[in-house]
Structures are given as structure tokens and as C-alpha cells.
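Examination of the molecular architecture
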Amino acid sequence: MISTHAIQQQQQQQMSADYPGMKPNEVSTGTTIMAIPTADGVVVGADSRVSTGSYVANRVSDKISQLSKHIVCCRSGSAADTQALTDYVRFYLQNLLVETGREPTVKTAAHLMGRLCYDNKERLLAGVIIGGWDASDGFSVYQIPLGATCLKVPFALSGSGSGYIYGLIDSEYRADMTAEAGRVLVKKAISHAMARDGSSGGIIRTVVIKPGSNDRDYTPGNELPFGPTGY
Amino acid sequence: SGEYSDFKAIINLLERKALEEETSVLSDSLYKSTAMSASQIWNYLRFVMYSKRNKFDPYWNDLVVAGTDSTTGKPFLGMIDKIGTTIQENFLATGYGGYIALPLLREKWRPDLTEGEARALLEDCMKVLFFRDCRASSRIQLAKAEKGQDGTTAAATFIVSDPYDLDMTGAWDAPSFVQAKGNLEDDGGW
């Protein structure tokens, strides 16, 4: 959803009929991304479809970007905007690491991303989810939707496909589930979203962040738990 | 392809036309009714689509007609778009197929393709279309129109398969696909 403030600004620019807010032919990660904290890890998942209108520009993209050793962000919205934001946040976090000698906290990374989104909210179309681990707060997930509100949340879903799976997550997510069970749930949920949302598809990438390790996983498009044909 | 309700309206028109043809033959008349062949249907639909276009109220469809040609008895393939443009060709495609499938078909089509080769070619096109069109599904149906065994010029056999899933083994396995791009040491995620 786009705030009316954003629409008034964008009416001065050329508006694409298909996707209000995007320039015509702009590349979008219309997408399904999610992050859920579990008892022993943060499980982050994303689909891999990047679309320009109804054409799939990249069917195997990686929408999970690492910001620092134990913090990742999932990107949705304009691919250019989110790549630029990720570059800035990585740069600032690397500087922080050098200056303080400590790994940055998830809170810092999230608020940094939120600050960049808020100060440029008229020009950006970016919805990000930040998830990770730090020594002071443990496992945390932050969501920064289109208006650049930065909120710590019990779990986060975002992107055009997320609306189809709120019910599934609301009924099956438990805060005390193990990271492995969380990974199974994330793959199931993203498969369901990919079956119903035209802008989500391809493969599922998941990352489980634990204090000692980041464990990446790849689920090919012909081994999805559900779909892609939907039934 | 296109608007399903308009497609059903067109099918309804064709069914009514066929029924009229069949039932208006007098039993003692010399006139023998024959089913409309594909080329005749194609011509009729051209008229239908163009008339609607002239009233600024088109049927929002791209139609492909396959079967036999009534004059020559040879296989026939033709297309009519929503404004009444007609094309007759050895291979046709609608939507993104024009960009993705037609080049593949132009390379691989031969007049002496066997049925198995033709099916494999179409499945390959549909697979690529599933990769690259947001609105496509990997579950498809294939249909075949064969001319009658008794040498009539109308298409006598017409079979539509049940929906089935395309074979996607290996479609997602390339090492560069599996490779993560978003880690710190990579170039920023794509």
C-alpha cells in the first residue's frame, strides 16, 4: 500500500499504469519475503523472481542480502532502490565495526535502514525486513514497509505475495519452535504464496542465522513443498 | 487467449452455428451438411472479430484455429487477433509466445516433424514461457487435430489431453543459480 503523500509526489513524475509508484519498465522484486525468529535461530526466506511488468527478468535472484556477520535483510519493491540502500547500510555497518570493535546490533542496522528510507521516502519504493542475531538482544526481526516506519515485530512478512500467507503463518507459527521446524514452515508458506502471486516464483532461498553460523539453503522450483501449479 | 468470458461467447457462437448447419438440412434434400472446417471457421471468426472492432467493442481475445483447410485438405493453422487481423502460418503463438516461442519454432520446425517431435518442441516452448512469463503456469494441455480417415476435408479427430505438469528436472540446477549472491563478499545481491 502506498501513502497518499507518496502518490501526490509521484503524480509529478510519470506514473506506470500497472504499478503506481514505479517508473514504466522499472525492475521490481514483486516478491514474497519473510523472517521469523525461533527458539534457536532467525529463519529468513525469499522467493527468487524479479519482474519487469509481466516479464521475468531474473528467475533465480538472491533477495537476501547480508549486511554484517549476523544480520541479513530481505528486499522487496524496486530492485535498484533496495540494492542502493543495502550498499549504504553495509558501508556504515562496516565502519561501525571498525570504530567500535563490536559487531553491530540488529537494532542499529534496522534503524539505520529506516533512517535512510524515511529521509528519502518520496523517492524510494522499498520494503525491507531485517533479521539477525546480536549478543545484547538475541534473535530479532524488524520490518520497514513503504512509509519507512521501523518496527520490531514478532515475525515479518512482506512483498506482493505476503498477503496470501498471513493466515497460514498466524495459525502455524510458534515463537518456541526450533529453527529446523521454522525452516520447513518458511518453505511451505513461500510455496503457497508463489502458487497464488504472479510476481513471486522460481526457487526458495532460506538463511538460518545462529550465533555461530549462517546456514544458507536452496530449494529448486521443482521440489517445492506446494505447487508451483497450486494443487 | 485473453478474456475468458469473451472466449466463451465466441465458442457459443460457433456451437450455435454448427447446430444450425446440422439441423437446417432437409432429409430429402440433395444438400448434405458437412461440419465447418478450420479454415472456414477462421474466416467466419475474422468477420466476427472485425465487426466487433468496428463498433469499438472488441472481443478481447487472440484466437488460434487449427484443423484442416476445406479447399486443399491439408493441415491448417490460423490466427485472429482482437481487432480482426488474420495470419495463416506453420507456427503461431499468442502473448509472450510471440517473443519467446516463435524464434524457437522458427529454428526447429520442419514440415516433416513427427508427432513426438512436435509435442517435445511445444513442451520446450511452454517450459521457457513458464520461466519468463509471470502469468504462466507449468501445468499445460496439448491438443491435436487430425484429418478424417475417410478423406473428408473437415477435421475428423480432435483430441485434447488432460492437464499435466511439465517436466522441470534440471531446470533449476545450474551452479550459478544455486550460488548465493547476497553475502558480504558478493557484489550486492541479484
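Residues numbered from 1 in each chain as written. Chains lettered and ligands numbered in written order. Predicted model: local features only at pLDDT ≥ 70, side-chain atom pairs only at ≥ 80, totals over all residues. Heavy atoms only, no water.

Concerning the overall build of chain B
Secondary structure summary: chain B contains 5 helices and 7 strands in total. Listing each helix as α and each strand as β along chain B from the N terminus yields α-α-β-β-β-α-α-β-β-β-β-α. A burial count over chain B gives 30% of its 190 residues as buried. Residue pairs in contact within chain B that sit at least 24 positions apart in sequence constitute 47% of those at least 6 positions apart. Carbon and sulfur atoms make up 54% of the accessible area of chain B, which totals about 12,100 Å². (Helix = DSSP H or I, 4+ residues; strand = E, 2+ residues; numbered from the N terminus. Buried < 20%, exposed > 50% of the residue type's maximum accessible area, 1.4 Å probe, protein only. Contact = heavy atoms within 4.5 Å. Areas by Shrake-Rupley, 256 points an atom, 1.4 Å probe, with all protein chains shown as cover.)

What about helix H2 (residues 79–100) of chain A?
Side chains three or four residues apart in an α-helix point the same way, a direct result of the helix having 3.6 residues per turn. Residues and elements named next belong to chain A. Under the 1.5 Å per step criterion, the end-to-end length of H2 is 31 Å for 22 residues, consistent within 8% with the ideal 32 Å. Buried residues of H2: Ala79, Asp81, Thr82, Leu85, Thr86, Val89, Arg90 and Leu93, and no others. Here the buried residues of H2 occupy an arc of 160 degrees about the axis, which is enough to place them on one side. Across H2 from its buried face, at more than 90 degrees, point the exposed residues Val98 and Glu99. Looking at the residues trailing H2, positive phi occurs at glycine 101, about 75 degrees. (Expected span 1.5 Å × (residues − 1). Arc of directions from axis to C-beta.)

Functional significance is not addressed by these values, which are geometric in nature.
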